Structures are given as structure tokens and as C-alpha cells.
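Residues per chain are reported as follows:
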Amino acid sequence: MLELREISGIYSGLAVQEGGGGSARFVRLSDLSDLKSGRAPKLTNGEPSAVARALPIEEGDLIVGARGAATDVCLATEALFGAFISLDLYLVRPDSSKVDPGYLAAFLDLPATQATFSGSRQGSGLARLPKDALDKLAIPLPPMPTQRLIAKLARSFREEAELLQRLAALNSILGREALAQAIRAAVTSSNS
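Residues numbered from 1 in each chain as written. Predicted model: local features only at pLDDT ≥ 70, side-chain atom pairs only at ≥ 80, totals over all residues. Heavy atoms only, no water.

Engineer: What exactly am I supposed to notice about the pairing of strand β8 (residues 89-94) here?
Structural biologist: Consecutive residues of a regular strand have side chains that alternate between opposite faces of the sheet. Of all six residues making up β8, six are buried, and the element is well covered by its neighbours. Relative to β8, strand β2 (residues 8-12) runs antiparallel, the two being bridged by five bridges. Considered in β8, the bridge of Gly9 is made with Arg93. Bridge analysis of strand β5 (residues 62-65) against β8 gives four bridges, and the strand direction is antiparallel. (Buried < 20%, exposed > 50% of the residue type's maximum accessible area, 1.4 Å probe, protein only. Helix = DSSP H or I, 4+ residues; strand = E, 2+ residues; numbered from the N terminus. Pairing = 2+ DSSP bridges.)

Have a look at this one:
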């Protein structure tokens, strides 16, 4: 096992200066729920930051929520490439020679890992996961082929969950339309 900081760069987010015609895009904590449900978030535009830790999101990066009841973890999608993360997020950039990003995302999302994060939170109200808790998190590293298989398995479960959500939404629309047609038919027949 290695600590997360030994296999990844871990970066804190940036303060977002919204508006003003800024050209930089920012991912906020609220965008993670859209990402986790397979929807494309509407990123905030703002002024680009000049601080050294202002790294644009790249392929293979993970976005980790720093606040909230659960620690949301998302593997960056193409729609996020080039955007920056806000203060309530961490950017985890795995060393792909040591860890598969999909495997790492799956590990960080496990209930046992989430419980570890919950025990590390600080503050009241919207408690914050300190960066040190991420840095020191022990990560089991099976051989790379095994990591890739686990990453593919995790991706298949995510894709299935997204399909089921879309199916449920379509089923809801179909049900409401069927009820509307039944009501229209009942009203039409009673008026005849």
C-alpha cells in the first residue's frame, strides 16, 4: 500500500471570481451531482487565476468534493478538460505509471473509504475534508492489469446506473402521458 500523495498529485481548488466576461471555466461542488448522474454540468465562467496550483483539468484527473455529507468522487470527462476546480474541491492527478485513474476513482468511492473520509471531516455545518486526510489515505495497489479490470467493472456499473436513471425518467414521462390521454378520453366520452 502507498499513500495517495505517493501516487498522485493533490491540489486544492481556487476562489472563483465569477462574471466579468472571464474566459476560464470552473467546476463547483454543486456540479459533482450532475457529473455523478451522467449529466453535463453548466460550468461557471470567471477570471483565470494566476496561482501556481491553478491546474486545468486533464484526462485521467479525479475531482473530489471537499465538503458535504459524502465525499463525491468523479473521473473527469471530456466536457471538463481545461476547466479549473473551485475551493470546495480537490483535483487528484494520478501517476498513471503507478495507478489506473478508474481504479483509484472506484477505490475512493467504496463505502469503507467514504467512512474513512467521514471520520476525517472537520468543522460543523458543512464539514470539510482536510487535504491531509487525502494525502495520507492508504491505497492498495494490485498489479496494473488487475487495476484496469476493476476500473472497467466500475465503469460498467456506472453506465448501468446512468441507463437505469434515464429509463426511469422516460418511464415517468410515459406514465404521465398515458394518464393525460386517459383523462382526455374520459372527458371526451362523458361529453358525448
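Engineer: Help me understand the packing of aromatic side chains, please; the structure alone is not making it clear to me.
Structural biologist: In this structure the tally under the stated criterion is one aromatic pair. Measuring from ring centre to ring centre gives 5.9 Å for Phe26 and Phe84, while their planes differ by 40°; the resulting arrangement is tilted. Of this pair, Phe26 sits in strand β3 (residues 24-27) while Phe84 sits in strand β7 (residues 84-85), and the two are 58 residues apart along the sequence. Judged on exposure class, the residue Phe26 and its partner Phe84 are both buried. (Phe/Tyr/Trp six-rings, centres within 6.5 Å; stacked < 30°, edge-to-face > 60°.)

Engineer: Whenever I open this one, the environment of Leu62 confuses me. Can you help?
Structural biologist: Within the secondary structure layout, Leu62 lies in strand β5. Sequence separation of Leu62 and Gly123 is 61 residues, and the distance between their C-alpha atoms is 24 Å.

Engineer: What exactly am I supposed to notice about a positive patch on the surface here?
Structural biologist: Positive charge collects at one region of the surface, where Arg148, Lys152, Arg155 and Arg158 lie side by side. By the secondary structure assignment, Arg158 is in helix α6 (residues 144-191). (Patch = residues over 30% accessible without salt bridge, like charges linked within 9 Å, V, L, I, M, F, W, Y side chains within 5 Å. Areas by Shrake-Rupley, 256 points an atom, 1.4 Å probe, with all protein chains shown as cover. Salt bridge = Lys/Arg side-chain N within 4 Å of Asp/Glu carboxyl O. Lys, Arg positive; Asp, Glu negative; His and termini not counted. Charge placed at Lys NZ, Arg CZ, Asp CG, Glu CD.)

Engineer: Help me understand the pattern of salt bridges, please; the structure alone is not making it clear to me.
Structural biologist: In a structure, side chains of opposite charge can pair up when their charged atoms sit close to one another. A full pass over the atoms with the stated rule returns nine salt bridges. The shortest N-O distance in the salt bridge between Arg93 and Glu58 comes to 3.8 Å. Residue Arg93 is found in strand β8, and its partner Glu58 is found in the loop between β4 (44-46) and β5; the two are separated by 35 residues along the sequence. With its nearest N and O atoms 3.2 Å apart, the salt bridge here joins Glu177 to Arg184.

Engineer: What is the right way to read the layout of surface pockets from this model?
Structural biologist: A water-sized probe rolled over the atoms picks out the places where empty space is left. Its volume calculated, the largest pocket comes out at about 620 Å³. Taken together, 25 residues form the lining of the largest pocket, with Leu35, Cys74, Leu75, Arg158 and Glu162 sitting closest to its centre. For the lining of the largest pocket, the secondary structure elements donating two or more residues are α2 (31-36), β6 (73-75), α3 (101-108) and α6. At eight residues, α6 tops the list of elements feeding residues into the lining of the largest pocket. Residue composition of the lining of the largest pocket, grouped by class: 14 nonpolar, three polar and eight charged. (1 Å grid on protein atoms, 1.4 Å probe; cavity = no way out; pocket = protein on both sides within 12 Å on 5 of 7 lines; lining within 4 Å. Points joined across faces, edges and corners; volume = space filled by probe spheres on them. Nonpolar A, V, L, I, M, F, W, Y, C, P; charged D, E, K, R; others polar.)

Engineer: Looking at this model, I keep getting lost on the side chain of Arg121. Mind explaining?
Structural biologist: You can see Arg121 is positioned in the loop between α4 (111-120) and α5 (131-135). Although Arg121 is buried, it forms no salt bridge, and the closest oppositely charged side chain is Asp72 at an N-O distance of 7.9 Å. For Arg121, the side chain forms a polar contact with the main-chain oxygen of Ala70, separated by 3.4 Å. Sequence-distant contacts of Arg121, that is, excluding residues within four places in its chain, are made with Ala66, Arg67, Gly68, Ala69, Ala70, Thr71, Ala127, Arg128, Leu129 and Pro130. (Polar contact = N/O pair within 3.5 Å; in protein donor to acceptor, adjacent residues only side chain to side chain. Contact = heavy atoms within 4.5 Å.)

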